[in-house]
Each structure stands twice: as structure tokens, then as C-alpha cells.
Amino acid sequence: MTQAKQIVVIGGGVVGVCTAYHLAAAGHEVVVVERHHNVAQEASYANGGVIAPGYAMPWAAPGMPKKILSYLFKSEAPVLLKPTLDRALWRWVRQWMAECDIDRYRINKERMQRVAFYSRDVLKQMREQFQIDYEQTQGVLQLFRSQHDMKLAEPACAMLEEAGVPHQVVDAEGALAIEPSLHEQTALSGGLYLPQDESGNCPLFTKRLKYIAHSIGVHFHFTSSVHSIQPEGGRVALRIDDQIFSADAVVVAAGIDSARLLKPLGIQIPLYPVKGYSATASIKNFDRAPRASVVDESYKVGITRMGNRIRVAGTAELGSRNVELHQAAIRTLVKVGDDWFPDAANYNTSTFWCGIRPMLPDGPPLLGATPVRNIYVNIGHGSTGWAMAAGSGKVVADIISGRAPEIDMDGLTLSRYG
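Residues numbered from 1 in each chain as written. Predicted model: local features only at pLDDT ≥ 70, side-chain atom pairs only at ≥ 80, totals over all residues. Heavy atoms only, no water.

Peer 1: When you look at the pattern of salt bridges in this model, what are you seeing that I'm missing?
Peer 2: If charged atoms from side chains of opposite charge come close, those side chains can pair. Taken as a whole and assessed by the stated rule, the structure comprises 20 salt bridges. Between Arg-235 and Asp-248 there is a salt bridge, with its nearest N and O atoms 2.5 Å apart. A residue pair is termed long-range when its members are at least 10 positions apart, and Arg-235 in strand β10 (residues 235-240) and Asp-248 in the loop between β11 (243-247) and β12 (249-252) qualify at 13 residues. By relative accessible area, Arg-235 is classed as partly exposed at 25%. The class for Asp-248 is partly exposed, based on a relative accessible area of 22%. Within the structure, one salt-bridge network assembled from shared partners comprises Arg-35, Glu-42, Asp-257 and Arg-260. (Salt bridge = Lys/Arg side-chain N within 4 Å of Asp/Glu carboxyl O. Helix = DSSP H or I, 4+ residues; strand = E, 2+ residues; numbered from the N terminus. Buried < 20%, exposed > 50% of the residue type's maximum accessible area, 1.4 Å probe, protein only.)

Peer 1: Would you explain a positive patch on the surface in this entry?
Peer 2: On the surface, Arg-87, Arg-91, Arg-94 and Lys-263 cluster together into a positively charged patch. Turning to its location among the elements, Lys-263 is positioned in the loop between α9 (257-262) and β13 (272-282). (Patch = residues over 30% accessible without salt bridge, like charges linked within 9 Å, V, L, I, M, F, W, Y side chains within 5 Å. Areas by Shrake-Rupley, 256 points an atom, 1.4 Å probe, with all protein chains shown as cover. Lys, Arg positive; Asp, Glu negative; His and termini not counted. Charge placed at Lys NZ, Arg CZ, Asp CG, Glu CD.)

Peer 1: Would you explain the nonpolar core in this entry?
Peer 2: Taken as a class, soluble globular proteins show a tendency for nonpolar side chains to be buried jointly. By size, the foremost hydrophobic cluster in this structure holds 49 residues, and its most contacted members are Val-9, Val-14, Leu-23, Phe-205, Leu-209, Val-218 and Val-251. Counting residues per element, the ones that place at least two in this core are β1 (6-10), α1 (14-25), β2 (29-33), α4 (102-130), α8 (202-215), β12 and α11 (385-400). Apart from residues no more than four positions distant in its own chain, Phe-205 is found in contact with Val-14, Cys-18, Leu-123, Met-126, Ile-132, Tyr-134 and Trp-386. (Core = buried A, V, L, I, M, F, W, Y, C linked by side-chain atoms within 4.5 Å. Contact = heavy atoms within 4.5 Å.)

Peer 1: Which parts of the structure should I look at to understand the state of the cysteines?
Peer 2: Structurally, a disulfide amounts to a covalent bond that connects the sulfur atoms of two cysteines. Counting across every chain of the model gives zero disulfides. Looking at the unpaired Cys-157, the closest cysteine sulfur is the one in Cys-100, lying at 18 Å. Sulfur of Cys-354: no disulfide; nearest cysteine sulfur belongs to Cys-202 and is 16 Å away. (Disulfide = S-S within 2.5 Å.)

Following this line, the structure appears as C-alpha cells:
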């Protein structure tokens, strides 16, 4: 039987709440410390919604550096680069470019999909056990505007084939058959359909899981900030606001803030803040709205149906550490929404949002133990936190409980940066 521990989870996003739930389910006493007034208030807040293990892939991919450069001076672009002398950014970019090699891409994609497919199974179990409704829909259709984009996707399709993942590569006519509301005037060469992938409302799920976790003993401390963590006599001391607390173990799941908390402990992680955007619009014509989710590969933007709303999400902005809205990113989201589903909603009057994604240069998250005893991490999921949260939380809970994780941990721990 697992020995019960007092565990603090730092961070109340979807990753932190999933971790807390699995730890409590394993018999531990769990406290979640979150600086906001509720869960899912930062990167999880207006998440794009796509839960697509088959689409989980590193941002560092063959052809990406050249593709990004081609977009830098366009008015609508999937990537924005704010001029900056930030050495951390350029160091991160160098590491990222080294990971765009085809062999590195294959390794990183396999690692990400290992977590994402496991997470989908864990999420399904949780959904069925607790009858959680989070506006989920089935099926994800990746759209390619050009033959060049389809060519760039060939390595990813080959990996899906090797892994036995159900998928269909379709032409433009086939894509329209899957998603009849697509605007036929927008250039379309074909698509990749992943019938078993899904989408859903991330903050809605997180809030519902908070109540389930609370019902099995998890305590949530909101509007509380962790300023430091350090080992202390076999336990861990935390300075929360102006007080010192101790616990048997700590899980750092604090998004981009994780690097700040870990650095004084000698744990250096190449985590960089990459700003992501979304637009949420009310559906005005349900007959012309998407049935489920589509992903525009050219612009790296997802369009997801969430009840009576449409969420358009994507764009990566580097070099900015604030949460101010960049008009170029908004233009990109509005353009992609108008291109594919112009009659479904008025995207110009959307509720616009941006949040900081904690990105690692290679892509896979970091899960489990650190070199400092009783301090664990669940970080670095980037834009795939929603797709990996349930499984990542279960993995970390198993490790802390002394159980072997149900997936191979190769390449998913801090040792890959050792």
C-alpha cells in the first residue's frame, strides 16, 4: 500500500489540477497553491481545445525555420518575433533549430505522442468514471492549403502509419465530405483526418475536475504565491506569501514560473515563454459552423466548436513576456476563421485572449523527479498541455507513490538535459 505523503502542487492549471487529482486518488494529502482566484486562469484559460495525440508534434520540425522566415514580414503569420536583445531567447532559438533535424524530429514526436496517447486513454477513463461533460467533440481534420504543406507533413503521416494510428489522407473533396461547412473558395489541397482525436473545453474540464478533486480531499489555496522552495531536513520548505510551510514533497507545475522556482536549486531548464492567442466568437449560423475541430497547417491555427461558440486559436509570439494583445496575431486568427467558416460567426467581435505557453526547444514535457530530493516536475508541455495533462498527472503521481509509470519514461525526464 502507498505510504501517504503531504504533497504541495504548485500551479492550478489543467496540468496541476490533474496531478493533484491523481495524487489524491493514490491516497496522498494534497494541497494546490495557485496565485489566481480560481483554476485554469493562465495558459489553460482560453486554450484552443484540441486533444489530438495524432497531431501532437514538436514545433521544431524539418522545414520550419525556412517557413517561419517566409512569414516574418507578412501582415498575417503563424509566428511573430518581437525584436529583442534577450539572450535567453536567442539561446533557446539555437537549441530549437538544432531540433529541426529529421532524426531529432522523429525522436521528439514519438516521445510527445507516447504521452499524448496515454493521456487520451486516462482522460477517457476519468470522463466515463465521473460523467464529465466539457463540450467535447470527436474527430480532428488537419487542412493543407498547398501541396508544399502536404509534402512537409509526409514524415508525420509516415509515423502515424508506423504506429498504427487510424488516419486518412484526403484530397480537397474528401476534406469537404468530412467537414461540409468549409468555405469552398479558400485554397485547399487536402487534409489529414484523425477520427479518434477530439477537442473540448479545457477550463470547463479543469473546473469540474477541481470539484471532484476537492471531494476526495484536495485543498485549494487561491490568491497565494510561492516565492521559493528548498529542501529542509528530508522535507521541503515553501515560502508562500509571507509564511513558511513544509511538505513531504512538492510538484512544480507552475507553467513558465517553474523555471524561476527551480533555478535557485541549481536546476536549469531551457523553458521559454511563447505567447499564444485565441479568439472566441458566438455562432450566428449553426448550419455553417464546424462540426468538430479543424487545424490550418499553414497558419498553425485550430478552429474548434465549443457548444454555441467557436474558438480560433494559434499564433506563437516570441520575444514578449507580457500578455498584451498583438494586432498582427488577432488579424491572423480573424483571417483563418473567415477563410474557413466565414458565415458561422463574426470573428472581428470575438473575445480575444493571449497567454504564456512554457515551451521547451525540443517539444516533449519534463515529468518526474529532479536531482533535489522530494521535488518533482510536470512542466514544458507548450501548446499541448491540454492533450497531455491527464496522462502527465498520472505519471507523476505514480512516480511519487513508488509505482512504475504505465508508459516508458525514456526522454521524458530531466536526464535528457543532463
